[in-house]
Structure formats: C-alpha cells, structure tokens
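Spelled out from the first residue to the last, the chains are:
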Amino acid sequence: TGQVSPDSPEELEDAQCQPCPAGAYKELMGSDACVPCSEDTFSSAVAAVNRTACAACPEFSSSPAGSDDATDCVCNDGFKVVSASECEPCAEGTWCTSGVQESCPAHAWSPAQSAGMGESLF
C-alpha cells in the first residue's frame, strides 16, 4: 500500500522524517541521505535545503567535511589566528601550526609562512 504501518510507538518515531543536522543539507525529498558540507565549509543551519547553506571557511583556514560551526575552521599550517574569523601568514623568525605562532629557537631563523620548526635555518 506504500504506507508505513508501525507496530509500536518506537517504530512510528523511527519512521518519521528527520531534518538534516547542522553541517549537512538535502536538496530533494526522498529517502536519500543528507549530504555533508564539503571540506573547507561549514553550516550551523538545521534542515538546510541546498549547498548554499554551507559557508566557506575564512581565507587561509580549513575544516573537515560536515563541519557545523565556524570554529571548526582552523588556520592552515604557516598561518596564525588574528581573530575568530581571520588568519594571517606567520612572520619571519616564527612558525605556525593549528593557528598558533611559535618563535624559532636561539640562533635559528625561518622564512615567513613557515609551518614547523623543521623549516628553521640554523
């Protein structure tokens, strides 16, 4: 008959449609699964109906697929956090990972945008 006939209240609850969670969207009605926002984007909207709900991470930052908040966007290696929504290149003589800037050790130097102490020149 095409209708769901649950045998218990638990089955009825399982049979009902649920909105896509934050970090995902679904463009068409039907049984297809929700689509996660792609890498380097995020969406805090619940029940999003298209990919435009997934906003790009700020410049020089990235996030995993399915991210549901701007805080999931982390500065790329070689860049430091300037504000909650901004990353900028690390300065000469420093290196950055996960948005945190560290100074090179004594008697060492590194070019701007260094992503690790291994790039320091002694």
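Refer to the structure presented above.
Every chain is numbered independently, its residues counted from 1 as its sequence is written. Two thresholds apply to this predicted model, a pLDDT of at least 70 for residue-level local features and 80 or more for giving and counting side-chain atom pairs, whereas whole-chain, interface and lining totals are computed over all residues. Values reported for side chains reflect all heavy atoms of the structure, with hydrogen atoms and water molecules removed beforehand.

Colleague: Lay out the state of the cysteines in plain terms, naming residues and giving numbers.
Modeller: One covalent bond between the sulfur atoms of two cysteine residues makes up a disulfide. We call a pair of cysteine sulfur atoms a disulfide whenever their separation is within 2.5 Å. In total, this model carries 5 disulfides according to the counting rule given. Between the sulfur atoms of C20 and its disulfide partner C34 the distance amounts to 2.1 Å. In this structure the cystine formed by C20 and C34 twists about its S-S bond by roughly -90 degrees; its chirality is therefore left-handed. Here C20, found in the loop between α1 (9-15) and β1 (24-25), pairs with C34, found in the loop between β1 and β2 (35-36); they are 14 residues apart in sequence, far enough to count as distant. Note on cysteine connectivity: C90 is disulfide-linked to C96, with sulfurs 1.3 Å apart. In this structure the cystine formed by C90 and C96 twists about its S-S bond by roughly -130 degrees; its chirality is therefore left-handed. Secondary structure is summarised from DSSP: a helix means a run of H or I of at least four residues, a strand means a run of E of at least two, and numbering begins at the N terminus for each.

Colleague: Residue-level account of the packing of aromatic side chains, with values.
Modeller: For any pair of aromatic rings, the description rests on two quantities: the centre-to-centre distance and the angle between the ring planes. Any two of the Phe, Tyr and Trp rings considered here, Trp counted by its six-membered ring, make a pair once their centres fall within 6.5 Å; the pair's planes then place it as stacked at under 30 degrees, edge-to-face at over 60, or tilted in between. A full pass over the atoms with the stated rule returns 1 aromatic pair. Pairing F60 with F79 gives two aromatic rings, centres 4.4 Å apart and planes at 15 degrees, and the pair type is stacked. Taken together, the positions of F60 in the loop between β4 (55-56) and β5 (61-62) and F79 in strand β7 (residues 79-83) put the pair 19 residues apart, joining distant regions of the chain. Look at F79 and you get buried, because its relative accessible area is 9%. Here the term buried applies to any residue with accessible area under 20% of the maximum for its type, exposed to any over 50%, and partly exposed to those in between, with areas from a 1.4 Å probe on protein chains only.

Colleague: Describe the environment of S103, naming the residues involved and giving the relevant values.
Modeller: Turning to its location among the elements, S103 is positioned in strand β10 (residues 100-103). Owing to a relative accessible area of 58%, S103 belongs among the exposed residues under this scheme. Separated by 10 residues in sequence, S103 and G93 place their C-alpha atoms 6.2 Å apart. Should any heavy atoms of two residues lie within 4.5 Å, those residues are considered in contact. Not counting residues up to four positions away in its chain, the partners in contact with S103 are G93, T94 and W95.

Keep in mind that these numbers describe shape and distance, not what the molecule does.
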